[in-house]
Amino acid sequence: MNISASEARAIKVEFTQDSFVVFLADGRTLSVPKTWFPPLCDATDEQLSNYLISGGGIGLHWDELDEDIYVPGLLLGNKQQSVA
């Protein structure tokens, strides 16, 4: 079965010291370096665990950290871009 990145849907997120793991509805897991998203690097465990899955699983949101991540973009290797 061929599933495109645009169909990726998160169902859960877990954290390690250096990365976060996104569990997808189709059974895949994706490990992403926290350094790709600097607000996650400096966050406490409590802040990290306070996330919302939005848009039926295509978005991850941390209100307190003002951080939004597009799940299909993670599969494409997209990371946060700094604004100059």
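Residues numbered from 1 in each chain as written. Predicted model: local features only at pLDDT ≥ 70, side-chain atom pairs only at ≥ 80, totals over all residues. Heavy atoms only, no water.

Caption draft 1: Quick peek at the overall build of the protein chain. When its secondary structure is counted, the protein chain shows three helices and six strands. Taken from the N to the C terminus, the helices and strands of the protein chain come in the order β-β-β-α-α-β-β-β-α. Relative to its full complement of 84 residues, the protein chain shows a buried share of 36%. Excluding contacts between residues fewer than 6 apart, the proportion of contacts in the protein chain whose partners are at least 24 apart in sequence is 39%. (Helix = DSSP H or I, 4+ residues; strand = E, 2+ residues; numbered from the N terminus. Buried < 20%, exposed > 50% of the residue type's maximum accessible area, 1.4 Å probe, protein only. Contact = heavy atoms within 4.5 Å.)

Caption draft 2: Focus on unusual backbone geometry. The phi dihedral of Asp66 is positive, around 55°, even though this residue is not glycine. With respect to the secondary-structure elements, Asp66 resides in the loop between strand E5 (59-62) and strand E6 (67-70). Judged by its relative accessible area of 62%, Asp66 is exposed.

Caption draft 3: Up close: the side chain of Lys34. Considering the arrangement of structural elements, one finds Lys34 in the loop between strand E3 (29-33) and helix H1 (38-41). Within the buried set, Lys34 has no salt-bridge partner at all; the shortest N-O distance to an opposite charge, 5.9 Å, is to Asp45. Looking at Lys34, its side chain comes within polar contact range of the main-chain oxygen of Gln17, at 3.1 Å. Every residue in contact with Lys34, bar those within four places of it in the chain, is listed here: Phe15, Thr16, Gln17, Asp18, Ser19, Phe20, Leu40, Cys41 and Leu48. (Lys, Arg positive; Asp, Glu negative; His and termini not counted. Salt bridge = Lys/Arg side-chain N within 4 Å of Asp/Glu carboxyl O. Polar contact = N/O pair within 3.5 Å; in protein donor to acceptor, adjacent residues only side chain to side chain.)

Caption draft 4: Highlighting the pairing of strand E1 (residues 10-15). As defined by bridge partners, E1 adjoins strand E2 (residues 19-24) across five bridges and the pair is classed as antiparallel. Bridge pairing links Lys12 to Phe23 in E2. (Pairing = 2+ DSSP bridges.)

Caption draft 5: Seen up close, the environment of Ser19. Note on placement: Ser19 falls in strand E2. Looking at Ser19, the relative accessible area reads 12%, which means it is buried. Not counting the four nearest positions on each side in its chain, Ser19 is found in contact with Glu14, Ser31, Val32, Pro33 and Lys34. Separated by 2.8 Å, the side chains of Ser19 and Thr16 make a polar contact.

Caption draft 6: Looking closely at the pairing of E2. Within E2, five of the six residues are buried, which leaves the element mostly enclosed by the surrounding structure. The turn joining E1 and E2, which pair antiparallel and follow one another in sequence, is formed by three residues. By the bridge criterion, five bridges tie E2 to E3 in an arrangement that is antiparallel. Each residue of the ladder has a partner; that of Val21, found in E3, is Ser31.

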